[in-house]
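# Report on the structure
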Amino acid sequence: MLEILYRDEHLIAINKPSGLLVHKSFYAGEADTYAIQELRNQIGQKVYPVHRLDRKTSGVLLFTLDKDTLRIMSDRFATREVDKKYIAILRGWAKEEETIDYDLVNENEVKQSAVTYYHLLQKSEIDLPFLKHQTSRYCLVEAMPETGRFHQLRKHFKHILHPILGCRKHGCNKQNKLWLTTFGINKMTLHAHQLIFNHPVSNERITVNATIDEEFRRVGDILNFDLSSYS
């Protein structure tokens with residue numbers, strides 16, 4: 001059963017598990033189940049995804065229950081009237097805060113502007129030798145993408161040389177292998193923990209929070225991060 005975080009007659013939000021595709025996609029490949037299908041079966045009515053999360057990204061995923069609301073909310077996402085907040089664990093120690101303004105190429109080889117703001121939450125250094133280093137450094141950040149490009153956060157953190165731990169396509173595979181062999185973990189530590197928007201009908205300010213899963217929490221425990229605000 002999918003965890004339902006918010007529901008009314010117009011909207012429904014779930015805490016999407018890592019590994020679940022939102023819907024069928026040429027770029028993501030095939031799967032046995034999809035979030036749109038699972039949620040429809042669970043509540044017994046059609047749902048329409050407003051946005052998407054990568055397959056391995058967990059967290060708040062918003063759907064509408066009718067097409068009129070879908071149009072309104074899609075427009076609000078497009079005009080950046082929705083605040084999206086993610087947490088991620090990165091390799092190394094990133095800056096205290098930074099705006100990454102770096103164009104990305106989409107699935108159709110078209111260059112698009114892309115902007116991400118992040119700030120540092122916590123830092124960790126553990127006794128885990130890696131290459132020429134006797135220890136390994138990591139940090140927990142909160143990221144707020146101002147645009148919604150394909151794999152934006154994963155690509156942006158790779159660009160600043162602080163890739164997301166557990167990300168294969170845009171991460172450090174040597175580091176990922178180290179975590180798999182040492183701890184038995186291959187979790188991509190990217191989680192959409194909060195969505196804030198005005199309700200499309202009542203205009204009430206809505207905040208939806210999604211807790212992290214057990215695997216993310218386990219990574220945090222190894223790094224001595226305090227993740228109680230996200231649990």
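Just above sits the structure.
Along each chain, residues carry numbers from 1 onward, in the same order as the chain's sequence is written. At least 70 in pLDDT is required for a residue's local features to be given in this predicted model, at least 80 for side-chain atom pairs to be given and counted, and no such filter applies to totals for whole chains, interfaces and linings, which use all residues. Hydrogens are left out, water is left out, and the side-chain values use all remaining heavy atoms of the structure.

Our next topic: the packing of aromatic side chains. Note on aromatic contacts: the rings of Phe and Tyr and the six-membered ring of Trp form a pair at centre separations within 6.5 Å, being stacked when their planes are under 30 degrees apart, edge-to-face when over 60 apart, and tilted otherwise. In this structure the tally under the stated criterion is three aromatic pairs. Aromatic side chains Y138 and W179 sit 5.6 Å apart centroid to centroid with 90° between the ring planes, which places their arrangement in the edge-to-face category. In this pair, Y138 is assigned in strand β10 (residues 136–145) and W179 in helix α4 (residues 173–183), connecting sequence segments 41 residues apart. Ring pairs connect the aromatic residues Y138, W179 and F183, which therefore count as one cluster. The positively charged end of R137 is found above the aromatic ring belonging to W93, 3.9 Å away from the centroid. What counts as a helix is a DSSP run of H or I of at least four residues, what counts as a strand is a run of E of at least two, and both are numbered from the N terminus. Either the NZ atom of lysine or the CZ atom of arginine qualifies as a charge over a ring when it sits within 6 Å of the ring centre and within 35 degrees of the ring normal.

Another aspect to go through is the side chain of Q152. By secondary structure assignment, the location of Q152 is in helix α3 (residues 152–159). Summary of the burial criterion: residues with accessible area below 20% of their type's maximum are buried, those above 50% are exposed, and those between are partly exposed, where the area comes from a 1.4 Å probe applied to protein chains only. Judged by relative accessible area, Q152 falls into the buried class, the value being 4%. Among the polar contacts made by the side chain of Q152, one reaches the main-chain carbonyl oxygen of V115 at a distance of 2.9 Å. Polar contacts, as used here, are pairs of N or O atoms within 3.5 Å; protein pairs need one atom able to donate a hydrogen and one able to accept it. Residues neighboring in sequence count only if both atoms are side-chain atoms.

Core analysis: the biggest nonpolar cluster contains 31 residues, and L39, F63, L90, Y118, V141, F157 and I164 have the highest contact counts within it. At the level of secondary structure, the elements contributing two or more residues to this core comprise β2 (11–16), α1 (35–43), β4 (58–64), β5 (83–91), β9 (115–126), β10, α3 and β11 (190–198). Contacts were defined at the residue level, with two residues in contact if any of their heavy atoms lie within 4.5 Å. For F63, the residues in contact, after removing those within four places along its chain, are H10, L11, I12, I14, A35, I36, L39, V47, Y48, P49 and V50. With 19 residues, the next largest nonpolar core counts I126, F130, L165 and V219 among its residues. Within this scheme, the nonpolar core is defined by two criteria: the residues are buried Ala, Val, Leu, Ile, Met, Phe, Trp, Tyr or Cys, and they are joined through side-chain atoms within 4.5 Å.

This part takes up helix α5 (residues 214–222). Within the span of α5, buried status applies to F216, V219 and G220. Around the axis of α5, the buried residues are gathered within 100° of arc, so they sit on the same side. In α5, those exposed residues whose orientation departs by more than 90 degrees from the buried face are E214 and D221. Tucked inside the fold, the buried residues of α5 contact β5, α4 and β11. As used here, the arc belongs to the directions running from the helix axis to the C-beta atoms.

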